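Coordinate analysis (summary)
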Amino acid sequence: MKLVIAVIKPFKLDEVREALTTLGVTGMTVTEVKGFGRQKGQTEIYRGAEYSTNMVPKIKVEVACATALAPRVVEAIQQAANTGAIGDGKIFVLDVGEAVRIRTGETDEAAL
């Protein structure tokens with residue numbers, strides 16, 4: 001199993017969600033986060049307002065999926081979140097050692 005973590009621009013969330021739903025992804029965790037990368041100290045446009053800051057608002061999307069599905073998940077996120085501008089975000093893929101569904105006790109891919 002893999003855990004795909006994507007940090008994207010907030011206005012791209014709906015497009016990313018639709019792309020993942022099309023792939024058959026049944027669940028994800030979404031968190032509002034702030035941070036900076038190479039664009040630190042540069043002007044950013046957020047909800048139509050232009051401002052300069054060290055911490056830029058982003059969305060973190062986490063998807064646990066089968067190892068075979070992970071490359072398609074990464075590709076879908078990359079295509080849906082791409083604007084071609086600085087600050088589009090990053091995608092990280094991590095190995096998952098074990099997953100357990102609390103309610104039923106199912107483990108690993110059955111728990112997803």
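Residues numbered from 1 in each chain as written. Predicted model: local features only at pLDDT ≥ 70, side-chain atom pairs only at ≥ 80, totals over all residues. Heavy atoms only, no water.

1. Here's the deal with unusual backbone geometry
- Despite not being glycine, D108 has its phi angle at roughly 55°, a positive value.
- Position of D108 among the secondary structure elements: in the segment after β6 (89–95). (Helix = DSSP H or I, 4+ residues; strand = E, 2+ residues; numbered from the N terminus.)

2. A word on the side chain of K12
- Residue position: K12 is located in the loop between β1 (2–8) and α1 (13–23).
- Among the residues examined, K12 registers a relative accessible area of 9% and is labelled buried.
- At 3.4 Å, the side chain of K12 and the backbone oxygen of A80 are in polar contact.
- Here K12 is in contact with A80, A81, N82 and T83, once residues within four sequence places are set aside. (Buried < 20%, exposed > 50% of the residue type's maximum accessible area, 1.4 Å probe, protein only. Polar contact = N/O pair within 3.5 Å; in protein donor to acceptor, adjacent residues only side chain to side chain. Contact = heavy atoms within 4.5 Å.)

3. A few points about the sheet that holds β6
- Taken in spatial order, the four strands make up an open sheet running β2-β5-β1-β6, and their pairing is antiparallel. Looking at the sheet topology across the chains shown, the edges are occupied by β2 (29–35) and β6. Averaged over all adjacent pairs, the angle separating strand axes in this sheet is 20°, with direction ignored.
- Across the sheet, helix α2 (residues 70–81) is in contact with β1, β5 (56–65) and β6; its angle to β1 comes to roughly 5°. (Pairing = 2+ DSSP bridges. Axes fitted to C-alpha atoms, helices over the stretch in contact; angles between N-to-C directions.)

4. So, α2
- Here α2 spans 16 Å end to end across twelve residues, near enough to the 16 Å set by a 1.5 Å rise per residue.
- Residues of α2 that are buried: A70, V73, A76, I77, A80 and A81. Along the long axis of α2, the arc covered by the buried residues comes to 125°, so they all point the same way. Pointing more than 90 degrees away from the buried face of α2 are the exposed residues P71, Q78 and Q79.
- Contacts made by the buried residues of α2 are with β1, α1, β5 and β6. (Expected span 1.5 Å × (residues − 1). Arc of directions from axis to C-beta.)

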